Amino acid sequence: MDHLINSEDTALRQRALRVVPSGMWGHLHAAKLPEGYPQFFARGEGAHLWDVDGHRYLDFMCSWGPNLLGHQNQEVEEAAERQRRMGDCLNGPAPVMVELAERLVETLPAAAWAMFQKNGTDATTTCATLARAATGRRKLLVARGAYHGAVPWCSPSLVGVTSEDRAHLVHYRFNDLDSLAQAVAEAGDDLAGIIASAFRHDLAQDQELPSPAFARAVRDACDAKGAALILDEVRAGFRLHAGGSWETLGVRPDLSAWSKAIGNGYPISAVTGAEWLREAASRLFVTGSFWCGAVPMAAALATLGVVLRDDVPGQLARLGQRLRDGLAAGAQRHGIALRQSGPPQMPLVLFDDDIGSRKGDAFCVAMLAHGVYFHPRHNMFLSAAHTEADIDTALAAAEHGFAAVASL
């Protein structure tokens, strides 16, 4: 896109290349997106972002999930600022830690206790370690292709990873009961836990909601073996159901890993667990210098209050369905085969016969040029700051995206 030529974004990328390996790392690296996407952003407000060159975007990534209520939500910011004036990183936790743990236990039917960390990887790794500590066993069942974090035991990359890092992982296929049963049999009496995503959200793949039979089979297998059912709520938590993403299935986990949305952009994650794991959690040594930061905890407490008061999951579901229906109608008008999958609160848009993501890239670049930030391969996120008018704005931009795809 022409607006990035000789831009502040380009200048910052060039400066970064001199002091940061490849100029950026991980999933936030704009080089992994089509040409024209900005790398650097100046600010966010509500459902909108501004890049460093002043271009405004209607945001459907929500910082890759954390901004559940929208950027700079007033209630959250006020709560964070009150705590900031008293202190953030202290010699121990502030009282807000107890308040937040109480709120989580009150809110989540599966939770008897809570512990706090910083990132989703912290939370999933704590869950895995705790399952092993509680059972005295080693094997963890993990869905093939699932993302549970970015450390050696679960990273999607094998760079710097040894076979020993994953020696006790056994893989199954999400929603496949036979595959699950085979993995349970392979783990045998050494099964510590089964970790499952709230729903299948592998990159550039059609999303899958868990079938009731699959969720029940995971629960039954853990019960039969005395193992821990670990639900990875890092991406979906508090977007699908305020009590936990599998509540509608009637299946409750032993351990849940939370992050992203719980602090509305502030760095915090949590592990919640069942009573039978309390003693093992008390023995476990997991810690971090910033894990008891009080400001993110205050932000999380305020965020959860809004979620419960305003039924944010229901609000997002209605908006997401409006977007999904509008995109389906637009694709039909243009004669384009479009696939939408997963929960409407976290939309994924893919195209049939799209080798190399040419169609997805063309669609999203055209939308970006009209001020709407979509992602061509990753699931997106709605926030409580989005309005019906915002959805209609996105659908208007999608008309240009469909035209770009039709011209290929």
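Note that the coordinates shown come from a computational prediction; the quantities given were computed from them, not determined experimentally.

1. Thoughts on the side chain of lysine 118
For step 1, the next point in the chain: Relative to the elements of secondary structure, lysine 118 occurs in the loop between β4 (113–117) and α4 (120–135).
For step 2, the next point in the chain: Despite its burial, lysine 118 pairs with no opposite charge, the nearest such side chain being aspartate 88 at 5.9 Å.
For step 3, the next point in the chain: In this structure, lysine 118 is in contact with Ser259, Pro267, Ile268, Ser269, Phe290, Trp291, Gly293 and Pro296, ignoring residues within four places of it in sequence.

2. A word on the sheet that holds strand β2 (residues 48–51)
For step 1, the next point in the chain: Read across the sheet, 4 strands follow the order β1-β2-β3-β13 without closing on themselves; strand pairing throughout is mixed. The sheet is open, and its two edges are formed by β1 (41–45) and β13 (372–373), each paired on a single side.
For step 2, the next point in the chain: Summarising the sheet, strand β3 (residues 56–59) and β13 pair through 2 bridges and their orientation is parallel. The residue of β13 that forms the bridge with leucine 58 is valine 372.

3. Here's the deal with the sheet that holds strand β6 (residues 169–172)
For step 1, the next point in the chain: One open sheet holds the 7 strands; their spatial order is β4-β10-β9-β8-β7-β5-β6, and the pairing between them is mixed. Every other strand in the sheet has two partners, leaving β4 and β6 as the edge strands with one partner each. Each strand of the sheet is rotated relative to its neighbour by a mean of 20 degrees, with strand direction disregarded.
For step 2, the next point in the chain: Note that strand β5 (residues 139–143) and β6 share 4 bridges and pair parallel. Within the sheet, the bridge partner assigned to leucine 141 lies in β6 and is valine 170.
For step 3, the next point in the chain: In the packing of helix α3 (residues 96–107) onto the sheet, contacts are made with β4 and β10 (269–273), and the angle to β4 comes to roughly 125 degrees.
For step 4, the next point in the chain: Here α4 sits on the sheet and contacts β4, β5, β7 (191–197), β8 (228–232), β9 (255–258) and β10; the angle it forms with β9, its principal contact strand, is near 165 degrees.

4. Focus on the packing of helix α8 (residues 294–310) against helix α9 (residues 312–334)
For step 1, the next point in the chain: Between α8 and α9, the shortest axis-to-axis distance is 6 Å and the interhelical angle comes to 65 degrees. Here α9 runs roughly perpendicular to α8, going by the angle between their axes. Counting all contacts with α8, which are made through Val306, Val307 and Asp310, the residues of α9 involved are Val312, Pro313 and Gln315.
For step 2, the next point in the chain: Taken together, the residues of the contact of α8 with α9 sort by class into 4 nonpolar, 1 polar and 1 charged.

5. Observations concerning helix α2 (residues 74–86)
For step 1, the next point in the chain: Look at α2: 19 Å from first C-alpha to last across 13 residues, which is about the 18 Å you get at 1.5 Å a residue.
For step 2, the next point in the chain: Against α3 and α8 lie the buried residues of α2.
For step 3, the next point in the chain: The N-cap residue of α2 is asparagine 73: its side-chain oxygen and the backbone nitrogen of glutamate 75 are 3.1 Å apart.

6. Describing the pairing of β3
For step 1, the next point in the chain: As paired strands, β2 and β3 are joined by 3 bridges and run antiparallel to one another. By the bridge assignment, tryptophan 50 is partnered in β3 with arginine 56.
For step 2, the next point in the chain: Connecting the antiparallel pair β2 and β3 is a turn made up of 4 residues, with glycine 54 showing a positive phi of about 90 degrees.

7. Looking at the environment of arginine 137
For step 1, the next point in the chain: Mapped onto the elements, arginine 137 comes out in the loop between α4 and β5.
For step 2, the next point in the chain: Separated by 97 residues in the primary sequence, arginine 137 and valine 234 place their C-alpha atoms 25 Å from one another.
For step 3, the next point in the chain: Residues contacting arginine 137, with those up to four places away along its chain left out, are Arg132, Asp189, Asp190, Leu191, Ala192, Lys225, Gly226 and Ala227.
For step 4, the next point in the chain: Here the side chain of arginine 137 touches leucine 191 through a polar contact of 2.8 Å, landing on its backbone oxygen.
For step 5, the next point in the chain: Among the polar contacts listed, one links the side chain of arginine 137 to the backbone oxygen of lysine 225, at a separation of 2.5 Å.

8. Re the packing of aromatic side chains
For step 1, the next point in the chain: Taken as a whole and assessed by the stated rule, the structure comprises 11 aromatic pairs.
For step 2, the next point in the chain: Ring plane angle 35 degrees and centroid distance 6.1 Å describe the contact between tyrosine 172 and phenylalanine 214, whose orientation is recorded as tilted. Within this pair, whereas tyrosine 172 is found in strand β6, its partner phenylalanine 214 is found in helix α6 (residues 212–225), the two being separated by 42 residues in sequence.
For step 3, the next point in the chain: In this structure tyrosine 172 comes out as buried when scored by relative accessible area, which is 0%.
For step 4, the next point in the chain: Put simply, the rings of Phe60, Phe351, Phe363, Phe374 and Phe402 touch in pairs and so form one group of aromatic residues.
For step 5, the next point in the chain: Its end group placed over the ring of tryptophan 50, arginine 43 keeps NZ or CZ at 3.7 Å from the ring centre.

What counts, and where the lines are drawn
Residues numbered from 1 in each chain as written. Predicted model: local features only at pLDDT ≥ 70, side-chain atom pairs only at ≥ 80, totals over all residues. Heavy atoms only, no water. Helix = DSSP H or I, 4+ residues; strand = E, 2+ residues; numbered from the N terminus. Buried < 20%, exposed > 50% of the residue type's maximum accessible area, 1.4 Å probe, protein only. Lys, Arg positive; Asp, Glu negative; His and termini not counted. Salt bridge = Lys/Arg side-chain N within 4 Å of Asp/Glu carboxyl O. Contact = heavy atoms within 4.5 Å. Pairing = 2+ DSSP bridges. Axes fitted to C-alpha atoms, helices over the stretch in contact; angles between N-to-C directions. Parallel < 35°, antiparallel > 145°, perpendicular 65-115°, else oblique. Nonpolar A, V, L, I, M, F, W, Y, C, P; charged D, E, K, R; others polar. Expected span 1.5 Å × (residues − 1). Polar contact = N/O pair within 3.5 Å; in protein donor to acceptor, adjacent residues only side chain to side chain. Phe/Tyr/Trp six-rings, centres within 6.5 Å; stacked < 30°, edge-to-face > 60°. Lys NZ or Arg CZ within 6 Å of the ring centre and 35° of its normal.

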